[in-house]
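So you can see what is in the structure, the chains are spelled out below.
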Amino acid sequence: MGGGGRGRARAQGRGAGRRLALAARRLCDAPLWAQIAPGNAASLRAFLAAGFAPMGAEALLVAAESR
């Protein structure tokens, strides 16, 4: 849904994310991992509803600038 988010409002709240996550699970025979941004609550809910289980968290660290 490109286009700067114009289609987002039409799809939001209609279960499209959950259906997509379910389809991915059905199409893949191997273990399937999803990486979801910590602040993306809607995506997290969709993947949980599709049967995914949280396995941990990830933190991205960068070196501080030299002083």
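These figures come from a predicted structure and were not determined experimentally. (Residues numbered from 1 in each chain as written. Predicted model: local features only at pLDDT ≥ 70, side-chain atom pairs only at ≥ 80, totals over all residues. Heavy atoms only, no water.)

A look at the overall build of the protein chain
From N to C terminus, the protein chain includes 3 helices and 0 strands. Element order for the protein chain, N to C, with α for helix and β for strand: α-α-α. The buried share of the protein chain, taken over its 67 residues, is 10%. Accessible surface computed for the protein chain: about 6100 Å², of which carbon and sulfur atoms make up 56%. (Helix = DSSP H or I, 4+ residues; strand = E, 2+ residues; numbered from the N terminus. Buried < 20%, exposed > 50% of the residue type's maximum accessible area, 1.4 Å probe, protein only. Areas by Shrake-Rupley, 256 points an atom, 1.4 Å probe, with all protein chains shown as cover.)

Description of the packing of aromatic side chains
By the definition in use, this model includes 1 aromatic pair. The interplanar angle of 70 degrees and the centroid separation of 5.0 Å between the aromatic rings of F47 and F52 together place this pair among those described as edge-to-face. Residue class for F52 comes out buried when judged on its relative accessible area of 16%. (Phe/Tyr/Trp six-rings, centres within 6.5 Å; stacked < 30°, edge-to-face > 60°.)

Some remarks on the confidence of the model for the protein chain
Chain-level statistics for the protein chain give a pLDDT mean of 80 and a share of 79% at 70 or above. Mean pLDDT across the elements of the protein chain ranges from a minimum in helix α1 (residues 8–11), with 62, to a maximum in helix α3 (residues 41–49), with 90. (pLDDT = per-residue confidence, 0-100.)

Re the environment of G15
Tracing the backbone shows G15 in the loop between α1 and α2 (16–27). Sequence spacing of G15 and A46 is 31 residues, and the spatial spacing of their C-alpha atoms is 7.5 Å.

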